[in-house]
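Spelled out, the chains give:
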Amino acid sequence: MSLVAAKAPYLLKVSLDGDAPNPREDYGHMGTMVCWHRHYRLGDAHPYEDPGAFLRKLVEKNVSDDEVIRQAKAGDIQGVRLGYVRKEKIWAVESYDGVSHRWVRWYGFDGPFSRCRAELAEAVRSEMDNYALLKLAEKQCCILPVYLFDHSGLHISTLDLTKQPGGRWDAGQVGWIYADKKAILAEYGKCGPEEMKRAGRALTAEVELYDKYLSGECYGFQLYKDGEETDSCWGFLGGFEEVREDMAECLPDECRDLMGRLVQAPDMRCMEIADYEELLEEMEV
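Residues numbered from 1 in each chain as written. Predicted model: local features only at pLDDT ≥ 70, side-chain atom pairs only at ≥ 80, totals over all residues. Heavy atoms only, no water.

## Focus: the packing of helix α2 (residues 51-62) against helix α5 (residues 130-138)
As a packed pair, α2 and α5 sit with axes 9 Å apart at the nearest point and diverge in direction by 35°. In this structure, the crossing between α2 and α5 has a hand that is left-handed. Along the contact surface, α2 presents Pro-51, Gly-52, Leu-55, Arg-56, Leu-58 and Val-59, while α5 presents Asn-130, Leu-133, Leu-134, Leu-136 and Ala-137. Of the residues contributing to the contact of α2 with α5, the split by class is 8 nonpolar, 2 polar and 1 charged. (Axes fitted to C-alpha atoms, helices over the stretch in contact; angles between N-to-C directions. Helix = DSSP H or I, 4+ residues; strand = E, 2+ residues; numbered from the N terminus. Left-handed = near helix turned anticlockwise from the far one by under 90°. Contact = heavy atoms within 4.5 Å. Nonpolar A, V, L, I, M, F, W, Y, C, P; charged D, E, K, R; others polar.)

## What to know about helix α9 (residues 240-249)
All of the buried residues in α9 are Phe-240, Val-243, Met-247 and Ala-248. The arc that holds the buried residues of α9, viewed along the axis, is 150°, so those residues lie on one side. For α9, the exposed residues lying more than 90 degrees away from the buried face are Glu-242 and Glu-245. Considering only its buried residues, α9 is in contact with β1 (2-7), β2 (10-16), β10 (218-225) and β11 (228-237). (Buried < 20%, exposed > 50% of the residue type's maximum accessible area, 1.4 Å probe, protein only. Arc of directions from axis to C-beta.)

## Topic: the sheet that holds β2
Read across the sheet, 5 strands follow the order β11-β10-β2-β1-β12 without closing on themselves; strand pairing throughout is antiparallel. The strands lining the two open edges of the sheet, one partner per strand, are β11 and β12 (263-265). Each adjacent strand pair in this sheet contributes to an overall mean axis angle of 25°, direction not counted. Of the strand pairs in this sheet, β1 and β2 are connected by 5 bridges, and their pairing is antiparallel. Residue pairing in the sheet places Lys-7 in a bridge with Tyr-10 of β2. Where α9 meets the sheet, it contacts β1, β2, β10 and β11, and its direction lies at approximately 40° from that of β10. (Pairing = 2+ DSSP bridges.)

Structural data, given as structure tokens:
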């Protein structure tokens, strides 16, 4: 089906765009969307095998070694601790084993602290679970979860879709979208609490736009004059009411009012001149 409006000698047709632009590839964006799914390629291309590898790299890039070590020594990282064992004269990194309910040492470094600082920070990161890594990354980056609902079409959101009707079986978290300090500084010139909030709103909007792409909400128009196509434009991504005004701006001045007179009609992709004339006549009655 198409939406059409007529005003002799013009006829305007609005249809869904079957070749919608991918906003993660065709548009500029501040955020980076990192997802994993067995059946779909979602978000932006990335090299990370699993969420743990991504979160470790995010912490490595955005949280200094000194901060990682400080929090580990202070006991602020859940499930991991770092301390100096005087008896053995080593710095030891331990993680908590939930099965045996005891602390297990995985790493021990001797020598001056200054010489093994980088190795200590790497050892702490390697023992952190995804929850601990995420909590540490959130202090330096704006990062939001990304959920997918897969049932008779795809929908993606930063809201927990598992709590929606049917979400228990058809929805789940597939990744994150984030902006690090460098991206936020480039966008807003500063990276304080207010800029973090603005970044959060921007990332949410990026996911909402990507949802329109995945669900097929993209439109285009064709303008006919005396049965001949004289203009067309495609790739208006969003709900119809959201993009109606943008489409109208692309029409000649004398045709813009047609956008407010659209009615449903059969698909006209194979429309002949005779079909056009007949439809135009019917719509003028």
